[in-house]
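Each chain is listed here by its residues.
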Amino acid sequence: MAAPPAPPGTGHSPEQSGLQSGLKNRHLSMIAVGGVIGAGLFVGSASGIKAAGPGILLSYALVGALVVFVMRMLGEMAAANPTSGSFSAYADRALGRWAGFSIGWLYWFFWVVVLAVEATAGAGILTSWVPAVPQWAWALIVMVVLTATNLASVSSFGEFEFWFAGIKVVAIAAFIVLGGLAIFGVLPGSHHAATGFGNLTSHGGFLPHGPSAILTGVLMVVFSFMGSEIVTLAAGESEDPERAVTKATKSVIWRVGIFYLGSILVVVSLLPWNDPSIVKKGSYVAALDTIGIPHAGQIMNVIVLTAVLSCLNSGLYTASRMAFSLGQRGDAPAAFARTNSRGVPQAAILASVLFGFIAVGFNYLWPTTVFQFLLNSSGAVALFVWLVICFSQLRMRGIILRENPDKLVVRMWLFPYLTWATIAMISFVLAYMLTDDSPGGGRIQVLLSLLVAVVVVGISLVRDVLARSRGALTR
């Protein structure tokens with residue numbers, strides 16, 4: 001079933017677009033909760049703790065505040081007009097075709113690279129369990145299974161993500177409860193001495209490397225938050241999009257507070273921040289080991305694998321829906337905007353996973369050259385997306401008030417001052433990344449991501465000029 005052509009910058013309900021309302025409220029609720037828990041939280045927090053000490057809590061709090069503000073702005077626009085294109089469609093409407101085209105393709109590029117990263121990470125864990133199967137075969141199996149899931153129906157994607165996210169949520173909640181009991185010496189069967197919160201200040205102070213380490217920590221943790229916006233794309237295929245977006249937007253504060261700040265607080269309270277086991281084993285495994293949880297490493301491997309599969313599943317869904325939206329707006333091949341009898345954009349899914357497979361191949365063949373370039377050139381896209389959301393919301397508030405004021409059910413706080421403050425904060429993070437000249441560090445990521453962004457924007461502007469020229473010739 002082909003989606004009807006749409007005027008630039010408009011959103012589509014599932015009925016208008018050919019997508020089906022296959023996501024139930026429980027799917028959306030768990031996607032909203034689990035979407036903010038990425039594999040980066042489990043595997044990347046150790047380096048942040050090493051760099052900033054207990055002050056990493058402030059790094060997480062700063063980035064968490066950015067996510068809360070950005071999600072509030074996105075929620076304001078998405079509740080008024082739920083659409084599979086989410087912020088790309090809003091940028092199209094608020095800033096111009098060039099903005100929607102550019103951020104849509106950059107976001108798609110980001111997620112197909114993530115597919116390769118997560119497929120390789122998941123394959124590594126599975127190979128350690130079943131070494132008889134080579135790593136490339138596991139990567140292929142994982143990609144094929146989750147591609148089949150996405151092709152089957154949106155409800156099958158939602159069901160898989162419901163259970164993946166559920167495992168992550170239960171694991172983090174259990175970790176916080178067990179760790180909290182151990183901190184105060186009341187965990188049954190544990191020989192861990194009660195530490196209270198003394199470890200936060202007793203090993204060189206709360207900021208052992210000085211205040212600047214907070215910003216260093218920000219650079220290390222900012223990308224582990226990417227994915228919180230997925231719920232606004234998925235809402236377009238839910239039973240009650242406005243309610244789902246409103247609920248997800250309002251719950252983002254406690255989600256960030258509990259899952260990120262709560263779990264990291266447990267780690268740096270149970271162990272001295274400079275304990276070598278945090279870097280050697282990983283922060284969560286080290287914390288579980290110190291309170292006497294048997295087989296902590298394997299338990300965490302299962303949880304990390306679940307997080308990886310969840311990221312793969314939702315990443316493929318997100319990339320395909322963004323490609324679908326771009327196709328609807330004439331910014332991608334028309335085939336991307338067609339859905340099959342199950343309401344699934346089959347061509348968009350297959351194109352996304354094809355580039356994911358190609359990127360996996362690059363990871364095995366040229367990991368330090370071609371694939372490293374892909375990683376670096378997509379590294380700052382998350383921050384670009386957040387900036388575009390901010391600038392779009394500045395314009396969309398007026399459009400919503402003018403056209404559908406009753407749809408403004410979610411409002412950004414202290415508008416427009418907090419929006420501008422968020423823009424300044426994101427810009428500062430990007431500028432600070434330029435001071436990180438380590439191999440694969442912030443500077444190279446920002447510069448290469450900017451290069452790719454300039455190329456994509458240039459293509460968009462050339463397309464617009466050519467379209468206008470053709471229009472003038474036909475008149």
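Please refer to the structure placed before this passage.
Because the structure is predicted, anything quoted here is derived from the model rather than measured.

Calculation criteria
- Residues numbered from 1 in each chain as written.
- Predicted model: local features only at pLDDT ≥ 70, side-chain atom pairs only at ≥ 80, totals over all residues.
- Heavy atoms only, no water.
- Helix = DSSP H or I, 4+ residues; strand = E, 2+ residues; numbered from the N terminus.
- Expected span 1.5 Å × (residues − 1).
- Salt bridge = Lys/Arg side-chain N within 4 Å of Asp/Glu carboxyl O.
- Buried < 20%, exposed > 50% of the residue type's maximum accessible area, 1.4 Å probe, protein only.
- 1 Å grid on protein atoms, 1.4 Å probe; cavity = no way out; pocket = protein on both sides within 12 Å on 5 of 7 lines; lining within 4 Å.
- Points joined across faces, edges and corners; volume = space filled by probe spheres on them.
- Nonpolar A, V, L, I, M, F, W, Y, C, P; charged D, E, K, R; others polar.
- Phe/Tyr/Trp six-rings, centres within 6.5 Å; stacked < 30°, edge-to-face > 60°.
- Contact = heavy atoms within 4.5 Å.
- Core = buried A, V, L, I, M, F, W, Y, C linked by side-chain atoms within 4.5 Å.

Caption draft 1: Focus on helix α8 (residues 154–183). With 30 residues, α8 ought to run about 44 Å at 1.5 Å a step, and its terminal C-alpha atoms sit 43 Å apart, in line with that. Note on α8: the residue one or two positions beyond its end, Gly 185, has a positive phi of about 70°.

Caption draft 2: Up close: the pattern of salt bridges. Inspection of the entire model under this criterion finds 9 salt bridges. Asp 92 is paired through a salt bridge with Arg 97; the nearest N and O atoms lie 3.6 Å apart. Given the relative accessible area of 5%, Asp 92 is considered buried. Owing to a relative accessible area of 26%, Arg 97 belongs among the partly exposed residues under this scheme. The salt bridge involving Arg 329 is made with Asp 92; its shortest N-O contact spans 3.2 Å. Separated by 237 residues along the polypeptide, Arg 329 in the loop between α14 (296–328) and α15 (346–365) and Asp 92 in helix α5 (residues 86–94) bring together distant segments of the chain. What emerges from the salt-bridge pattern is a single network uniting Asp 92, Arg 97, Arg 329, Asp 331 and Arg 463.

Caption draft 3: Quick look at the layout of surface pockets. Counted as a void, the largest pocket has a volume near 1200 Å³. Lining the largest pocket are 50 residues, with Gly 40, Val 117, Met 220, Phe 223 and Ser 224 sitting closest to its centre. Mapped onto the lining of the largest pocket, the elements with two or more residues apiece are α2 (25–34), α3 (39–52), α6 (97–129), α8, α9 (212–221), α14, α16 (370–378) and α19 (442–474). Per-class residue counts for the lining of the largest pocket are 25 nonpolar, 21 polar and 4 charged. Its volume calculated, the second largest pocket comes out at about 260 Å³.

Caption draft 4: The arrangement of the packing of aromatic side chains in detail. Under the defined criterion, the tally for this structure stands at 18 aromatic pairs. Considering the side-chain rings of Phe 160 and Phe 164, the 6.0 Å spacing of their centres and the 70° angle between planes classify their relative orientation as edge-to-face. A residue pair is termed a helical-turn pair when its members lie 3 or 4 positions apart in one helix, as Phe 160 and Phe 164 do in helix α8 at 4 residues. What makes Phe 164 buried here is its relative accessible area of 13%.

Caption draft 5: A look at the environment of Val 267. Within the secondary structure, Val 267 is located in helix α11 (residues 241–270). Note on Val 267: relative accessible area 0%, which makes it buried. Sequence separation between Val 267 and Ile 278 is 11 residues, and the spatial gap between their C-alpha atoms is 8.9 Å. Once you skip the residues sitting within four places of it in the chain, Val 267 turns out to touch Ile 49, Phe 175, Ser 283 and Ala 287.

Caption draft 6: How the structure looks around the environment of Gly 85. Relative to the elements of secondary structure, Gly 85 occurs in the loop between α4 (56–80) and α5. On the accessibility criterion, Gly 85 (0% relative accessible area) is buried. Sequence separation between Gly 85 and Gly 236 is 151 residues; the distance between their C-alpha atoms is 8.8 Å. With near-sequence residues (within four places) excluded, Gly 85 lies in contact with Met 322, Ser 325 and Arg 329.

Caption draft 7: Expanded view of unusual backbone geometry. Residue Pro 416 is reached from Phe 415 by a cis peptide bond, and omega for that bond is 0°. Here Pro 416 lies in the loop between α17 (381–403) and α18 (417–433). Notably, Ser 86 is not glycine yet its phi reads approximately 45°, a positive angle. With respect to the helices and strands, Ser 86 occurs in helix α5. Residue Ser 86 is classed as buried on the basis of its relative accessible area, which comes to 0%. Of note, the phi angle at His 295 is positive, near 55°, even though the residue is not glycine.

Caption draft 8: Region of the structure containing the nonpolar core. Counting 160 residues, the largest nonpolar core has Phe 42, Phe 87, Val 385, Trp 386, Ile 426 and Leu 430 as its most contacted members. Here this core gets 19 residues from one element, more than from any other, and that element is α6.

Caption draft 9: Summary view of the environment of Pro 208. Along the chain, Pro 208 falls in the loop between α8 and α9. By relative accessible area, Pro 208 is classed as partly exposed at 24%. The sequence separation of Pro 208 and Arg 468 amounts to 260 residues, and the corresponding C-alpha distance is 59 Å. Residue contacts for Pro 208: discarding those within four places in its chain leaves Ala 52, Gly 53, Pro 54, His 203 and Trp 273.

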